[in-house]
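Chain by chain, the residues:
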There are 2 protein chains.
Amino acid sequence: MALSYAIIGTGGIGGYYGGCLAKFGKDVHFLFHSDYEFVKQYGLQVDSVRGDFHLQSVQAYGNSSEMPKCDVVLVCMKTTNNHLLKAILSSIVHANSVVVLIQNGLGIEKQLADEMPGVSIVGATAFICTTKIGPGHVHHAEYGSLTMAKYCGECEAVLQQIAADFEEAGVQVNVGDDLNSIRWKKLVWNIPYNGLTVVLNAETDDLTFNPDTRQLVIDLMNEVVAAGRACGAKISDTFVSKMIDMTEKMTPYSPSMRVDYDAHRPMEIQAMYSNPIQIALQHGYAMKKTEVVEKQLRFLAQKR
Amino acid sequence: MALSYAIIGTGGIGGYYGGCLAKFGKDVHFLFHSDYEFVKQYGLQVDSVRGDFHLQSVQAYGNSSEMPKCDVVLVCMKTTNNHLLKAILSSIVHANSVVVLIQNGLGIEKQLADEMPGVSIVGATAFICTTKIGPGHVHHAEYGSLTMAKYCGECEAVLQQIAADFEEAGVQVNVGDDLNSIRWKKLVWNIPYNGLTVVLNAETDDLTFNPDTRQLVIDLMNEVVAAGRACGAKISDTFVSKMIDMTEKMTPYSPSMRVDYDAHRPMEIQAMYSNPIQIALQHGYAMKKTEVVEKQLRFLAQKR
């Protein structure tokens, strides 16, 4: 089965993963926003720790209505644009298409399922440091694995094929069966580091090595673990210390929310903070510390 | 009974209250730090909404060891210097002296009582907007009342006389009998507004009129009320809404911690955040939201 792919949102994530698939001969159709004309003319450049490559001939589109129907739609845009998703996807999906949300946060699959009943949806988290550094130009600095799990629809076979296609392209894919746990585990890192680097104008290493913010990061991580468990997520007792150890070894960097804030783009506060807070509360758990950071972020977003 | 007064720390608070007493003929001895030479030569200028005044001849001292023993010592310096208090007070107090701590925070009377057993101690909170705007130059913008209550010692009669002296000088003094409640009620305003104006680089009105930070302020206030009650403080159910109403009507301004941070001076994190958090925890209440702000402030203080 040769799958056709659509990449919705060709920034750091979409450019890298779509670029890898295209480089290995997969049929990939890229939706661009402002970079469309540039990529049509000059192609897509990926600078990667695993080897740079250039795709001269890219199946690029400036408008989703011009794209063909694809077997797999990889949604790589920020959740702040998810209100546009139904309009974008309507002309791209066929009866058996699988939509893969490679996004951060919680509650995003449910929102799409409510808007587009019957569509098969997979949730995915990317463990990667990658940034768009110019028009049609992506820099991949570190890591690269994807973790995916089904949200709804009969899509197990396609999901296995997606994993195989990515493996062929050199991207490790873990296919899980518990999307709820995958999403909450990702939040354990995202909630402290994304918000605090914005509020405190700091880098990941500043927060990790200062004793006060290190404790605050750990407190927030423990709160996310407790909230996730209240919502049925399975997270081991050693997960928080593993996340801290991992962050200590990482090259210091600005998480996506900090990059968005500095670039005056909308931040993913709703998906990454407000949705988890609301969903945890529905399960009887109040994320008190997370609420502080959420409200601080909303204030900063409005002030800007 | 004509009381003699020592003013320890002649900034906005000490300059205004000591200046009012001296203007009305009380025997006031002012301890200055960097302004000593200036005030010796040019006197003390108070610009006040209730009428400007100038004191040409001021009993000014540059060193506490040169001051006479006084009946009343008004401690008006920041709590960040309280580790110096015992050394400063030792030569100023006599057997019946009363030390009045016109300071913010919690646990400061106990610390002094432990260091100087036998000394009579009164705690006081100032409801006032006043700032030192230059050498020997104080600007009093709004309000001015003092609330006092005994912490330890036989000092009821002196406390009544202090209140009478201040009333004569046009300063309203409320003498209470429950210092614990007075301190916690002051924290209800101080904890949200001092910390958040620093962390979010904002003014009081920014925080009050933005819907997200308004909710955060209210959440923090409710947490302080709950913590105070766990520690035995009596705070009415309408106190939080009264504080919000009051702040809405205030001229927007920077609380003392914001002023200190902007001036690269130490912030009163220990007395205003860490002590309440620790004391509440000893009484079984975890101030989870306040802990977030405390750790953010400690990070910012160390970064600066």
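To be clear, the structure that these remarks concern was listed above.
A short tour of the structure in this document, coming up. As a convention, each chain's residues are numbered from 1 in the sequence order in which they are written. Labels follow written order: the first chain is A, the first ligand is 1, and so on. Per-residue local features of the predicted model are confined to residues with pLDDT of at least 70, and side-chain atom pairs are confined, for both listing and counting, to 80 or more; whole-chain, interface and lining totals are unaffected and use all residues. Neither water nor hydrogens contribute to the side-chain values; these are computed over all heavy atoms in the structure.

Topic: the overall build of chain A
Alright, step 1. Going along the chain from the N terminus, every DSSP run of H or I of four or more residues is numbered as a helix, and every run of E of two or more is numbered as a strand. Along chain A, the regular secondary structure elements total 12 helices and 10 strands.
Alright, step 2. Computed over C-alpha atoms, the radius of gyration of chain A comes to 19 Å, within 12% of the 19 Å expected from 2.2 N^0.38 for 304 residues, which places it in the range of a compact globule.
Alright, step 3. Considered along the principal axes of its C-alpha atoms, chain A spans approximately 50 × 35 × 35 Å.
Alright, step 4. Taken across its 304 residues, chain A has 57% of its residues classed as buried.
Alright, step 5. Note on definitions: a residue-residue contact is assigned when non-hydrogen atoms from the two residues lie within 4.5 Å. When contacts within chain A are restricted to residue pairs at least 6 apart in sequence, long-range pairs at least 24 apart make up 70% of them.
Alright, step 6. For the area figures, the Shrake-Rupley method with a 1.4 Å probe applies, and any residue is considered shielded solely by the protein chains shown. Of the roughly 12,100 Å² that chain A leaves accessible, carbon and sulfur atoms contribute 51%.
Alright, step 7. The positive charge centre, built from 26 side chains, and the negative charge centre, built from 32, are 3 Å apart in chain A. Radius of gyration: C-alpha atoms only; globule rule: 2.2 Å multiplied by the number of residues to the exponent 0.38. In this scheme, a residue with accessible area under 20% of its type's maximum is buried, one over 50% is exposed, and one in between is partly exposed, where area comes from a 1.4 Å probe on protein chains only. In this tally, Asp and Glu contribute negative charge and Lys and Arg positive charge; neither His nor the terminal groups of the chain are included. For the purpose of locating charges, the reference atoms are NZ of Lys, CZ of Arg, CG of Asp and CD of Glu.

A look at the relation of the copies chain A and chain B
Alright, step 1. Superposing copies: least-squares fit, C-alpha atoms only, residues required to have pLDDT of at least 70 in both. With an RMSD of 0.0 Å, chain A superimposes on chain B once it is rotated by 180° and translated 0.0 Å along the axis. Such values leave the two copies arranged in the relation of a two-fold axis. In terms of proximity to the rotation axis, the leading residue of chain A is A:K289, whose C-alpha is 2.6 Å off the axis.
Alright, step 2. Interface overlap between copies is the fraction of interface residues in one copy that are interface residues in the other; for chain A against chain B it reaches 100%, indicating a shared surface.

A few points about the pairing of strand β7 (residues 93–102) of chain A
Residue and element names in this part refer to chain A.
Alright, step 1. Across the 10 residues of β7, 7 count as buried, placing the element largely inside the fold.
Alright, step 2. At least two bridges found by DSSP between two strands are what make those strands a pair. In the sheet, strand β6 (residues 70–75) pairs with β7 via 5 bridges, with the strands oriented parallel. When the sheet's bridge partners are listed, V75 is paired in β7 with L101.

Thoughts on the nonpolar core
In a soluble, globular protein the nonpolar side chains are often hidden away together inside.
Alright, step 1. Among the nonpolar cores identified, the biggest contains 86 residues, and A:W184 and B:W184 are the most heavily contacted of them.
Alright, step 2. Here A:W184 is in contact with A:L106, A:V224, A:A227, A:G228, A:C231, A:A233, A:I235, A:P276, A:A280 and A:M287, once residues within four sequence places are set aside. Buried Ala, Val, Leu, Ile, Met, Phe, Trp, Tyr and Cys residues form a nonpolar core when they are joined through side-chain atoms within 4.5 Å.

With respect to the interface of chain A and chain B
Alright, step 1. Every contact between the two is made by 26 residues of chain A and, on the other side, 26 residues of chain B.
Alright, step 2. Between chain A and chain B the total buried area reaches about 2,300 Å² when both faces are included, carbon and sulfur atoms providing 62% of it.
Alright, step 3. Buried area: the sum, over both parts, of the accessible surface (1.4 Å probe) that disappears when the two are put together. For the chain A face of the interface with chain B, the top three residues by lost area are A:D212, A:K295 and A:F299, together amounting to 27%.
Alright, step 4. A salt bridge links A:K289 to B:E291; its shortest N-O distance comes to 2.5 Å.
Alright, step 5. Here a polar contact is recorded for every N or O atom pair within 3.5 Å, except that within protein the pair must consist of a potential hydrogen donor and a potential acceptor, and residues adjacent in sequence are included only if both atoms are side-chain atoms. Counting across the interface, chain A meets chain B through 13 residue pairs in polar contact (both at pLDDT 80 or more). Each reported salt bridge corresponds to a side-chain nitrogen of Lys or Arg within 4 Å of a carboxyl oxygen of Asp or Glu.

Considering helix α12 (residues 288–303) of chain B
Alright, step 1. The span you would expect from a helix comes to 1.5 Å times its residue count less one. With 16 residues, α12(B) extends 23 Å between its outermost C-alpha atoms, agreeing within 8% with the 22 Å of an ideal straight helix rising 1.5 Å per residue.
Alright, step 2. Along α12(B), the residues classified as buried are B:K289, B:T290, B:E291, B:V292, B:V293, B:E294, B:K295, B:Q296, B:L297, B:F299 and B:L300.

A word on the pattern of salt bridges
All names here are of chain A.
Alright, step 1. Under the defined criterion, the tally for this structure stands at 32 salt bridges over all chains.
Alright, step 2. D262 serves as the salt-bridge partner of R258, at 3.2 Å between the closest nitrogen and oxygen. One end of the pair, R258, and the other, D262, are both in helix α10 (residues 256–262), 4 residues apart, so they sit about a helical turn from each other.
Alright, step 3. Relative accessible area serves as the criterion here: at 8%, R258 is assigned to the buried category.
Alright, step 4. Looking at D262, the relative accessible area reads 41%, which means it is partly exposed.
Alright, step 5. Salt bridges linked by common partners bring K26, D165 and E168 together as one network.

Side note on the packing of aromatic side chains
For any pair of aromatic rings, the description consists of the separation of the ring centres together with the inter-plane angle of the planes.
Alright, step 1. Working definition: rings of Phe, Tyr and Trp (its six-membered ring) pair if their centres are within 6.5 Å, and the pair is stacked with planes under 30 degrees apart, edge-to-face with planes over 60 apart, and tilted otherwise. One pass over the structure, following the stated rule, counts 14 aromatic pairs over all chains.
Alright, step 2. Taking the centre distance of 6.3 Å and the plane angle of 20° together, the rings of B:W189 and B:Y253 count as stacked. Here the residue B:W189 occupies a position in helix α6 (residues 179–199), and B:Y253 occupies one in the loop between α9 (239–249) and α10 (256–262), the gap between them amounting to 64 residues.
Alright, step 3. An aromatic cluster is present here, built from A:Y16, A:Y17 and A:F166 joined pairwise through their rings.

Keep in mind these numbers describe shape, not what the thing actually does.
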